[in-house]
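Architecture at a glance
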Amino acid sequence: MDEIELVKRCQLGDIEAFGMLIEKYTNKAVRTAYLATGQKDLAEDIAQEAFMQCFKTIKNLKNIEYFKTWFYRILIRTSWRMATKARQHSQNVFTDINNLEDTLPDTSNILEEVEKKQRYKAIYAAINEMDKIFREVIILYYFNEFSIKEIANILSCRDGTVKSRLHKARKLLADIFTDKELNNSSNEFQLRKESNFNGRTRIV
Amino acid sequence: MVEQELFDKLIKKSLIDKSEEIIPQNNMKERVSHSMKYKNKSTFNTSVLNWKRAATAAACFIFICTGVSLAVSPEIQTAAVEKVTEFTNRVQMVFNVSQEGSATVSSSEITSVNGTPIDNMYLKVTKGGFSTYGPIYSREEAEKEAGFKFKMPVYLPSNCKLPTNTIDVSDYKPEKDGNKDTGKHAVSMQFDDSEAAFSGTKLLIYEIDVPEKDGYKYMDVKIGNNDAKYYETQIDMKDTSNGKDTSKEVYERQLRWKDNEKTYILIDYSGISKDELIKMAESMK
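Note that the coordinates shown come from a computational prediction; the quantities given were computed from them, not determined experimentally.

Some details on the overall build of chain B
Along its length, chain B carries six helices and eleven strands. In chain B, which comprises 285 residues, the share counted as buried stands at 19%. In chain B, once contacts between residues fewer than 6 apart in sequence are set aside, the share between residues at least 24 apart is 55%.

Side note on the overall build of chain A
Helix and strand content of chain A: ten helices and two strands. Listed by position from the N terminus, the elements making up chain A come as α-α-α-α-α-α-α-α-α-α-β-β. The long-range share in chain A, meaning contacts at least 24 apart out of those at least 6 apart in sequence, stands at 58%.

Points about the packing of helix 1 (residues 3–11) of chain A against helix 2 (residues 15–37) of chain A
All names here are of chain A. Relative to each other, helix 1 and helix 2 sit at 135°, their axes nearing to 7 Å. Put simply, helix 1 runs oblique to helix 2. As for how helix 1 packs across helix 2, the hand of that crossing is left-handed. On helix 2, the residues touching Leu6, Arg9 and Cys10 of helix 1 are Ala17, Phe18, Met20 and Leu21. For the contact of helix 1 with helix 2, the residue count by class is six nonpolar, no polar and one charged.

What about the interface of chain B and chain A?
Opposite the 23 residues of chain B that make contact, chain A presents 27 residues. Mapped by element, the contributors of at least two residues to the side of chain B that touches chain A are helix 1 (2–19) and helix 2 (28–72) of chain B. Among the elements that line the side of chain B that touches chain A, the one with the most residues is helix 1 of chain B, at 14 residues.

Observations concerning helix 8 (residues 148–155) of chain A
All names here are of chain A. Those residues of helix 8 not exposed but buried are Ile151, Asn153, Ile154 and Leu155. Buried positions along helix 8 lie against helix 4 (67–86), helix 7 (132–143) and helix 9 (159–174). Once helix 8 finishes, Ser156 follows within two positions and takes phi at roughly 55°, a positive value.

Overview of helix 3 (residues 40–57) of chain A
Its 18 residues place the ends of helix 3 of chain A 26 Å apart at the C-alpha level, agreeing with the 26 Å of an ideal helix rising 1.5 Å per residue. Those residues of helix 3 of chain A lying buried are Leu42(A), Ala43(A), Glu44(A), Ile46(A), Ala47(A), Gln48(A), Glu49(A), Ala50(A), Phe51(A) and Cys54(A).

Let's talk about the nonpolar core
Ala33(A), Ala47(A) and Ile138(A) are the most contacted members of the largest nonpolar core, which totals 54 residues. Residue contributions to this core peak at ten residues, all from helix 2 of chain A. Those residues within four positions of Ala33(A) in sequence are excluded, and the remaining contacts are Ala43(A), Ile46(A), Ala47(A), Leu75(A) and Ser79(A). Listed in part, the 25 residues of the second largest apolar core include Ile167(B), Met189(B), Ile223(B) and Met280(B).

Some details on the confidence of the model for chain B
Residue and element names in this part refer to chain B. Averaged over every residue, the pLDDT of chain B is 75; residues scoring 70 or more account for 68%. Note that pLDDT drops below 50 for residues 99–104; the model gives that stretch nine contacts with residues more than four away or on any other chain. Counting interchain partners and residues more than four positions distant, the pLDDT-below-50 stretch residues 106–111 has 13 contacts. The ipTM value of the predicted complex is 0.75, and its pTM value is 0.45.

Structural notes on unusual backbone geometry
Residues and elements named next belong to chain A. A positive phi angle, close to 55°, is found at Glu145, a residue other than glycine. Tracing the chain through its elements places Glu145 in the loop between helix 7 and helix 8. Non-glycine residue Ser156 carries a positive phi angle of around 55°. With respect to the helices, strands and loops of the structure, Ser156 is situated in the loop between helix 8 and helix 9. Using a count of 9 C-beta atoms within 10 Å as the deciding quantity, one classes Ser156 as exposed.

Quick word on the pairing of strand 7 (residues 201–206) of chain B
All names here are of chain B. Most of strand 7 sits out of view: five of its six residues are buried. The pairing of strand 6 (residues 184–190) with strand 7 spans five bridges and is antiparallel. By the bridge assignment for strand 7, Ala186 is matched with Tyr206.

A look at the environment of Met52(A)
Relative to the assigned elements, Met52(A) resides in helix 3. For Met52(A), a count of 18 C-beta atoms within 10 Å translates into the label partly exposed. Ignoring any residue separated from it by four or fewer positions in sequence, one finds Met52(A) in contact with Val32(B), Ser35(B) and Met36(B).

Structural notes on the packing of helix 4 of chain A against helix 8 of chain A
Residues and elements named next belong to chain A. Packing of helix 4 against helix 8 leaves a shortest axis separation of 8 Å and a crossing angle of 50°. By the angle between their axes, helix 4 is oblique relative to helix 8. Of the two elements, helix 4 crosses helix 8, and the hand of that crossing is right-handed. Two secondary-structure elements touch here, helix 4 through Thr69, Tyr72, Arg73 and Ile76 and helix 8 through Glu150, Asn153 and Ile154. Looking at the contact of helix 4 with helix 8, its residues break down into three nonpolar, two polar and two charged.

A few points about the confidence of the model for chain A
The share of residues in chain A with pLDDT of 70 or more is 73%, and the mean pLDDT across the chain is 77. Between residues 183–204 of chain A, whose pLDDT stays under 50, and residues either more than four places distant or in other chains, the model counts 31 contacts.

Basis of the calculations
Residues numbered from 1 in each chain as written. Chains lettered and ligands numbered in written order. Predicted model: local features only at pLDDT ≥ 70, side-chain atom pairs only at ≥ 80, totals over all residues. Helix = DSSP H or I, 4+ residues; strand = E, 2+ residues; numbered from the N terminus. Buried ≥ 20, exposed ≤ 12 C-beta atoms within 10 Å, placed from the backbone. Contact = placed C-beta atoms within 7 Å. Axes fitted to C-alpha atoms, helices over the stretch in contact; angles between N-to-C directions. Parallel < 35°, antiparallel > 145°, perpendicular 65-115°, else oblique. Left-handed = near helix turned anticlockwise from the far one by under 90°. Nonpolar A, V, L, I, M, F, W, Y, C, P; charged D, E, K, R; others polar. Expected span 1.5 Å × (residues − 1). Core = buried A, V, L, I, M, F, W, Y, C linked by C-beta atoms within 7 Å. pLDDT = per-residue confidence, 0-100. Pairing = 2+ DSSP bridges.

Right under this line is the structure:
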């Protein structure tokens, strides 16, 4: 059964159909919430709340072909609302890196893997420190693979606004890479020892 | 261009890598379903709570409005005072206490009820000539002496007890001819050991039709299905006996009704509430 048919059935109050939609979206929804808030303990609750909101208001959805963007709009809004409410700060990525180094054995292959992991974490840390208007655009574009138009629909703004935010977000991220690192054919790169990001000095 | 692709790839990989730190559980359907049921319940509770809040707010609003109206409107003030005093009696009297502690009150010594001079029922009765005889120690003996069967309360408040010492029986002699026997009797009993005047709780049963006290404001009440009258009086007593000049306040609560052509009067000076007196009266057997 395709998604449009499921949504139609949900609008008629079919709980089983809604269960199928939950199954389809849970994975991505929980992970998107986690990326947006950086809080593992909150991510599932956010997804749950978003699904509940979705079921309550699905009857009001006029263009059912836009269900996906409509659902992500609810999810993103719920994420910000619940994260603010919880008043908890995101996990400190750098603490995680230190913990990882402390616990892994000192072998060269593993170290390579650790280095990769560290780089990814550092990039996410940079994303996580961005203002939420840039962070949400980055997550929706790169992780959820939405188009500019779809993101504009989710965030209820113009295409141009999304493009502008995406450009600014990329620029902020690019500042932490050196040209040399990006030119490395093996994708190996080094993060600057110190970089100025959003006016803050961080050691990475 | 290559740089841009590489850059995009790095961002994507970092996000995917981070997102894999969390493994969503398979019970989301159940969680949503359970949570929706719970929310429905709490929505009901919340609506009840909101209703209660609204009712409380409305009550406060009415209370404040009433207070403001009373403060600013003399007409409403007067009406409110009249309403409050509708069933309130206040008696001023002067009395002398003898050496033995019993009170003697004469009509001339009672000044007023609510500011109006009165002809007191008790005094009329006293002048008319109830002559008490006894002591009588049991209900059966009292009924035999009085010549009629009467009822007594089964329910008694905690500070009361059934009369164990005496039940008084009196002959009623009319005022104009104090020596003529009318064959009419009265029975009285005290529900405590108090012997002083204007104290304790007592029941009076008259074979004659005892009129309501002049000038008193009575309230209509029900004892079971029977109509009854109730009044409360604040008695401001001035004691001038033995050269003293002291004042004392006593509250008299009286419930009176007719049953089987007898007049029953339940009088309390000990602070028993109106509801308790009605409860006593309702339990009469």
